[in-house]
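For reference, the chains in residue letters:
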Amino acid sequence: MSCVLELKNLSFVYGKGTPFEKKAVDNVSLKIEKGEFIGVIGHTGSGKSTLMQMLNGLIRPSSGQVLLDGNDIWAQPKKIRDVRFRVGMVFQYPEYQLFEETVYKDISFGPQNQGKEGEALDKAVRDAADFTGLKPSLLEKSPFDLSGGEKRRAAIAGVIAMDPEVLVLDEPTAGLDPMGREVLLSQIVRYHKERQNTVLLVTHTMEDIARVADRIIVMNKGRPEMFAPTKEIFSRGDELEAFGLRVPQITAIMRQLRDKGIDVPEGVLSVDEAFAALVPLLQKEGKLW
Ligand code: ADP
């Protein structure tokens, strides 16, 4: 594996020199490998969004560096636009950024700016719509005629259509109903599997991130207090609680069973995994056949 993003002593201070000065990101150094699916969790105000916005040059670090494929993204500030094509950013409630006459035009805005045209542009738009589960018949509609969930998909498709090496999603499922969340999450997972590029997903939903992330960054007061494989993060429940976080409910239940002396594996992260662990035990007890 090779490193796609390296953060070196990265800090960001809001309102420097004013009475409202606030260090939102504090001396962060870490490396993300190509193709990883990284979860980013942390209490509100822990610096997640600020950190994400530095990854594609939307805000410039107060100090430190962001290296993309080994190169400092601010080495040539005039070229920062190119970085925004390579590190795609989906903000919270991205549907507010839709502005074109048709969904098709909205999704094609990014790739067109990248210089794509003709068939390549059409393919980029249609593939991106497919990844987010937008029906082709919606492409000619006005974005304002779409449902809330469809608008969200259209906005995400607009970023995916640029085929970024790194896709950053800041709470992409916020405000969607449970079914909408589930479907969107599985589409992001499919996108990651098929394109094999790097994804960073900021979320408050431990159940979601537990199922999909390879590694998780736990932010607390501007610092990545933990950065480890997902199973390890969720086997350190006491530490997470100290940062105002919790393990997924199924992980907590399985831990309680273990504490009661029942021989279930540690670090269970999903209902499916729990089911697979419990069935043989129940069969052994003669409670299932
Ligand atoms: P998170 O995404 O984890 O909720 P943020 O990166 O939004 O955290 O915020 C980190 C800290 O920076 C918080 O204390 C927040 O109040 C502060 N902050 C965020 N945005 C601004 C801003 N535009 N001006 C001043 N302070 C800000």
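The structure presented is a predicted model; accordingly, all values stated were derived computationally and were not measured. (Residues numbered from 1 in each chain as written. Predicted model: local features only at pLDDT ≥ 70, side-chain atom pairs only at ≥ 80, totals over all residues. Heavy atoms only, no water.)

### Side note on the nonpolar core
The biggest cluster of nonpolar side chains holds 48 residues, and the ones touching the most others in it are Ile107, Val218, Phe234 and Leu240. Ranked by residues supplied to this core, first place goes to helix α5 (residues 148-160) with six residues. Apart from the residues lying within four places of it in its own chain, the contact partners of Val218 are Ile41, Arg223, Pro224, Glu225, Met226, Ile233, Leu240, Phe243 and Leu245. (Core = buried A, V, L, I, M, F, W, Y, C linked by side-chain atoms within 4.5 Å. Buried < 20%, exposed > 50% of the residue type's maximum accessible area, 1.4 Å probe, protein only. Helix = DSSP H or I, 4+ residues; strand = E, 2+ residues; numbered from the N terminus. Contact = heavy atoms within 4.5 Å.)

### Side note on the environment of Gly15
Checked against the element boundaries, Gly15 lands in the loop between β1 (3-14) and β2 (22-33). Accessibility expressed as a relative area gives 37% for Gly15, which makes it partly exposed. The residues touching Gly15, leaving out its near neighbours within four places in the chain, are Phe20 and Glu21.

### Focus on helix α1 (residues 48-55)
Counting buried residues in α1 gives six out of eight residues, a clear majority hidden from the surface. Every buried residue of α1 is accounted for by Lys48, Thr50, Leu51, Met52, Met54 and Leu55. Positive backbone phi, approximately 75°, marks Gly57, located one or two places after α1.

### Side note on the environment of Ile32
Within the secondary structure, Ile32 is located in strand β2. Classification of Ile32 as buried rests on a relative accessible area of 2%. Taking the C-alpha atoms as reference points, Ile32 and Val199, separated by 167 residues in sequence, lie 9.9 Å from one another.

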